[in-house]
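Descriptive structure summary
Below are the chains, spelled out letter by letter.
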Amino acid sequence: MTTFNTTARKNNARSLRIETLESREMLSVSAADFTAIKSQYEDLNLGNFADYNTIEITAAQLSETNLQNAINIAGTTAKNDLIVLRTNVSHDTITLNSTS
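Note that the coordinates shown come from a computational prediction; the quantities given were computed from them, not determined experimentally.

1. Some details on helix α1 (residues 31-40)
Along α1, the residues classified as buried are Asp 33, Phe 34 and Ile 37. For α1, the angular spread of buried residues about the axis comes to 100°, placing them on one side. Residues of α1 that are exposed and point over 90 degrees away from its buried face: Ala 32 and Thr 35. Structurally, α1 contributes buried residues whose contacts are with β3 (52-57) and β4 (80-85).

Written out as structure tokens, the structure is:
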């Protein structure tokens with residue numbers, strides 16, 4: 001299961017470390033990927049692949065900005081959204097900066 005850990009720092013920046021589940025990058029989320037996610041995370045009660053707008057962030061794209069952009073995109077779609085973060089050993093942390 002993916003876990004999100006935040007660590008406070010003196011300058012109010014936070015680090016979001018994402019537990020690495022697999023070490024690969026893909027160009028998009030396929031129906032087979034969706035089925036694997038659905039079976040691995042049964043507690044999400046995911047429906048059918050066609051009912052979801054899937055938004056992928058690859059390990060190379062992993063950043064606070066790209067995560068916020070994905071959340072913003074998800075907020076504008078009519079379908080349910082699934083944001084998939086692909087991580088690897090060297091790309092598993094997002095630094096979150098405080099606006100206050």
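2. Some details on the pattern of salt bridges
According to the stated counting rule, one finds two salt bridges in the structure shown. Each member of the salt-bridge network shares a partner with another, and the members are Asp 33, Glu 56 and Arg 86.

3. With respect to the side chain of Asp 92
By secondary structure assignment, the location of Asp 92 is in the loop between β4 and β5 (93-96). Here Asp 92 falls in the buried class, since its relative accessible area comes to 9%. Within the structure, the side chain of Asp 92 is placed 3.1 Å from the side chain of Thr 93, a separation counted as a polar contact.

4. Comments concerning the environment of Ala 74
Inspection of the secondary structure assignment puts Ala 74 in helix α2 (residues 64-74). Through-space distance from the C-alpha of Ala 74 to that of Asn 53 is 7.8 Å; in sequence the pair is 21 residues apart. With residues near it in sequence (within four places) discarded, Ala 74 still touches Ile 55 and Asp 81.

5. A look at the packing of aromatic side chains
Summed over the entire model, instances satisfying the criterion amount to two aromatic pairs. Judged by centre distance (5.3 Å) and plane angle (45°), the ring pair of Phe 34 and Tyr 52 falls under tilted. Of this pair, Phe 34 sits in helix α1 while Tyr 52 sits in strand β3, and the two are 18 residues apart along the sequence. We classify Phe 34 as buried; its relative accessible area is 1%. With relative accessibility at 13%, the residue Tyr 52 sits in the buried group. Cluster of aromatic residues (ring-pair linked, three or more members): Phe 34, Phe 49 and Tyr 52.

6. A closer look at α2
Those residues of α2 not exposed but buried are Leu 67, Ala 70 and Ala 74. When α2 is viewed along its axis, its buried side chains cluster within an angular range of 60° and face the same direction.

7. Overview of the environment of Val 89
Secondary-structure assignment places Val 89 in the loop between β4 and β5. You can call Val 89 exposed: its relative accessible area is 71%. The spacing of Val 89 and Ala 59 is 30 residues in sequence and 9.2 Å in space, taken between C-alpha atoms.

The rules behind each value
Residues numbered from 1 in each chain as written. Predicted model: local features only at pLDDT ≥ 70, side-chain atom pairs only at ≥ 80, totals over all residues. Heavy atoms only, no water. Buried < 20%, exposed > 50% of the residue type's maximum accessible area, 1.4 Å probe, protein only. Helix = DSSP H or I, 4+ residues; strand = E, 2+ residues; numbered from the N terminus. Arc of directions from axis to C-beta. Contact = heavy atoms within 4.5 Å. Salt bridge = Lys/Arg side-chain N within 4 Å of Asp/Glu carboxyl O. Polar contact = N/O pair within 3.5 Å; in protein donor to acceptor, adjacent residues only side chain to side chain. Phe/Tyr/Trp six-rings, centres within 6.5 Å; stacked < 30°, edge-to-face > 60°.

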